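# Understanding the architecture of this molecule
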Amino acid sequence: MKRLLHILSLGLCIAAAQAYADTTVMGWQTLSVTDAQKERPIEGLLWYPAQDDTRVERIQSNGVWIGVDAAKNATPVEGKHPLVVLSHGMYGNARNQNWLAQALVSEGYIVASLNHPGTSTWLRDPDDARQLWERPRDVSRVITSLLGDKDFSALIDAERIFMGGHSLGGWTAMWLAGGRYDGTKVKAECAADPSDLICGISDMWQIAKTPEDVLAMEQDLSDPRIKAIAVFDLGGTQTFAFETLAKVKTPLLVIGAPKPSKGSLDLNRESRALVRALPKETTRYIELTSLSHFDFLGLCTERAVEILEDEIAGDGEICEDGAVERITDHALISNAVIAFFANP
C-alpha cells in the first residue's frame with residue numbers, strides 16, 4: 001500500500017509540475033554579489049520561474065553551444081521557492097549548466113550559477129586561482145547575498161537551499177558539505193606520484209605552497225544552510241582527509257561518468273572513492289554508462305566538433321555525442337537531481 005501511495009503521489013507531483021511549467025517561463029537576470037569582499041567580485045546568472053510578461057528569447061548561443069529560451073528581467077512568480085547554487089568546473093563558467101537550470105526552474109526552483117574568479121573561462125588571474133579556498137566561500141557569499149536581496153529574499157525558502165557542482169565544482173561542493181583538505185596527505189601523495197592530476201594543478205596554481213596557504217586550505221568551510229548537494233564527476237577526492245568525509249551529514253547525490261573521454265577522471269580515485277568514504281545512509285551514487293565528463297556541459301551544435309578542433313586539436317571531444325545523445329543524458333541527470341532534492 002505504501003508503494004502504491006508513493007506511486008500515486010509521484011504521479012500527482014509530476015502532473016502538478018507539468019501544469020506549473022506550462023503556465024510560466026524561465027526568467028533570468030545577471031547576478032552580482034556586493035559585499036565587504038570587494039577584491040573578489042562575484043558575478044553570474046540568476047534563473048527563476050517567471051510570469052509570461054516579457055519576450056522569451058534564445059540566449060547564449062554561438063557556433064559551439066546551443067542556448068536556452070528565457071525572458072530577461074521577467075517578473076518572478078510569487079511564493080517561496082527552493083534555491084540551487086551551481087558551481088562550474090576548471091575554467092568553466094556560469095553558463096555550463098544552463099540546461100540543468102532550465103529543468104530546475106520548470107520545477108519551481110530559483111537557480112544561481114556563478115563565475116569563480118581565477119578558475120573560470122574569462123577570469124584566470126593566477127593569484128585568485130591560488131586561493132582555492134575562496135571557491136566554497138564564493139558559494140556561501142552568493143547564498144548570503146540572495147537571502148538579503150531586496151527583490152529575491154522573499155522568494156527563497158531558506159530551508160530548501162541546495163547545490164550542484166561539476167568537476168572542480170564538485171570538489172568545491174565537498175568542502176561545503178564538510179570535507180577538509182589534508183595538506184600533509186597531498187604532499188605525501190604528490191611526492192610518491194608527481195604525475196597525479198592534483199599535483200599538476202597544485203603546481204600550476206601554486207596551491208598550498210606556503211604554511212599560511214596550507215592553513216587556509218585546511219579550514220572548515222562547511223555551510224549548514226545547504227540541505228543537500230549533487231556532485232557531478234568530481235576531481236580531487238584524494239585531497240580530503242577521509243575521516244572528515246566520514247562525518248559529513250549533508251545528504252549527497254554523487255554521479256560518476258564512466259564513458260572514456262579527454263577529460264576522463266579515474267572513478268576509482270574520485271567518485272567511487274568518495275562514495276566509499278561518505279556515510280552510506282546519506283549518500284546515493286549513480287553511474288550512467290553513457291556519461292562522459294563533458295556531458296554535464298551544454299548541448300552542442302552540429303558544427304561544434306569542427307570549430308573546437310580548429311581552435312585546439314583534440315578539444316572536439318568536448319562535443320562528441322553532444323547533441324541528441326546529450327539530450328538524453330541531460331534528462332537522466334536532471335530527473336535524478338530533481339528527485340533527490342525533493343527527498344534527500
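Cut-offs used in this document
- Residues numbered from 1 in each chain as written.
- Predicted model: local features only at pLDDT ≥ 70, side-chain atom pairs only at ≥ 80, totals over all residues.
- Heavy atoms only, no water.
- Salt bridge = Lys/Arg side-chain N within 4 Å of Asp/Glu carboxyl O.
- Helix = DSSP H or I, 4+ residues; strand = E, 2+ residues; numbered from the N terminus.
- Buried < 20%, exposed > 50% of the residue type's maximum accessible area, 1.4 Å probe, protein only.
- Core = buried A, V, L, I, M, F, W, Y, C linked by side-chain atoms within 4.5 Å.
- Contact = heavy atoms within 4.5 Å.
- Axes fitted to C-alpha atoms, helices over the stretch in contact; angles between N-to-C directions.
- Parallel < 35°, antiparallel > 145°, perpendicular 65-115°, else oblique.
- Nonpolar A, V, L, I, M, F, W, Y, C, P; charged D, E, K, R; others polar.
- Polar contact = N/O pair within 3.5 Å; in protein donor to acceptor, adjacent residues only side chain to side chain.
- Pairing = 2+ DSSP bridges.
- Expected span 1.5 Å × (residues − 1).

## Observations regarding the pattern of salt bridges
Summed over all chains, the structure comprises 18 salt bridges. Across the salt bridge formed by aspartate 213 and arginine 130, the nearest N and O atoms sit 2.5 Å from each other. You can see aspartate 213 sitting in helix H8 (residues 211-217) and its partner arginine 130 sitting in helix H3 (residues 126-130), a full 83 residues away along the chain. Note that glutamate 287 is salt-bridged to arginine 272, the shortest N-O span being 2.6 Å. Residue glutamate 287 is found in strand E10 (residues 283-287), and its partner arginine 272 is found in helix H10 (residues 271-277); the two are separated by 15 residues along the sequence. On the basis of relative accessible area, glutamate 287 is assigned to the partly exposed category, the value being 30%. One network of salt bridges, in which partners are shared, links Asp35, Arg40, Asp128, Asp138 and Arg141.

## Comments concerning the nonpolar core
If you look at the biggest cluster of nonpolar residues, it comprises 57 residues, and the most contacted ones within it are Val142, Met174 and Met217. At seven residues, helix H5 (residues 168-177) tops the list of elements feeding residues into this core. Discounting chain neighbours no more than four positions away, the residues touching methionine 217 are Leu132, Trp133, Trp171, Trp175, Tyr181, Ile207 and Ala208. Ranked by size, the runner-up nonpolar core spans 34 residues in total, among them Trp28, Ile59, Ala257 and Val337.

## Topic: the packing of helix H4 (residues 134-147) against H5
Their axes nearest at 9 Å, the elements H4 and H5 cross at an angle of 75 degrees. Classified by the angle their axes make, H4 and H5 are roughly perpendicular. Judged by residue contacts, Arg135, Pro136, Val139 and Ser140 of H4 engage Leu168, Gly169, Thr172, Trp175 and Leu176 from H5. In terms of residue class, the contact of H4 with H5 is built from five nonpolar, three polar and one charged.

## Details of the environment of aspartate 53
Positionally, aspartate 53 belongs in the loop between strand E2 (42-50) and strand E3 (57-59). For the pair formed by aspartate 53 and tryptophan 28, sequence separation is 25 residues and the distance between their alpha carbons is 13 Å. Of note is the side chain of aspartate 53, whose polar atom sits 3.3 Å from the side chain of threonine 54.

## A look at the pairing of strand E8 (residues 226-232)
Where burial is concerned, most of E8 is hidden: six out of the seven residues are buried. Sheet topology places strand E7 (residues 156-166) next to E8; six bridges connect them, and they run parallel. The residue of E8 that forms the bridge with histidine 166 is phenylalanine 232. When E8 meets strand E9 (residues 252-256), the two strands line up parallel, connected through four bridges. Each bridged residue has a counterpart across the sheet, and for alanine 230 the counterpart in E9 is leucine 253.

## Describing helix H12 (residues 324-342)
With 19 residues, H12 should cover 27 Å at 1.5 Å per step; its first-to-last C-alpha distance of 27 Å lies within 8% of that length. Looking only at H12, the buried set comprises Arg326, Asp329, His330, Ile333, Ser334, Ala336, Val337, Ile338, Phe340 and Phe341. Residues of H12 that are buried sit in contact with strand E5 (81-87), helix H2 (98-105), E7, E8, E9 and E10.

## Some details on unusual backbone geometry
In this structure, asparagine 73 is a non-glycine residue whose phi angle is positive, near 60 degrees. Mapped onto the secondary structure, asparagine 73 falls in the loop between strand E4 (68-72) and E5.

## Some remarks on the sheet that holds E7
Spatial strand order, E3-E4-E1-E2-E6-E5-E7-E8-E9-E10: 10 strands in an open sheet with mixed pairing. Only two strands of the sheet have a single partner each, and these edge strands are E3 and E10. Between one strand and the next, the sheet's axes are offset by a mean angle of 30 degrees, whatever the strand orientation. Pairing of E5 with E7 involves six bridges; the strand directions are parallel.

In short, shape yes, function no, at least from these values alone.
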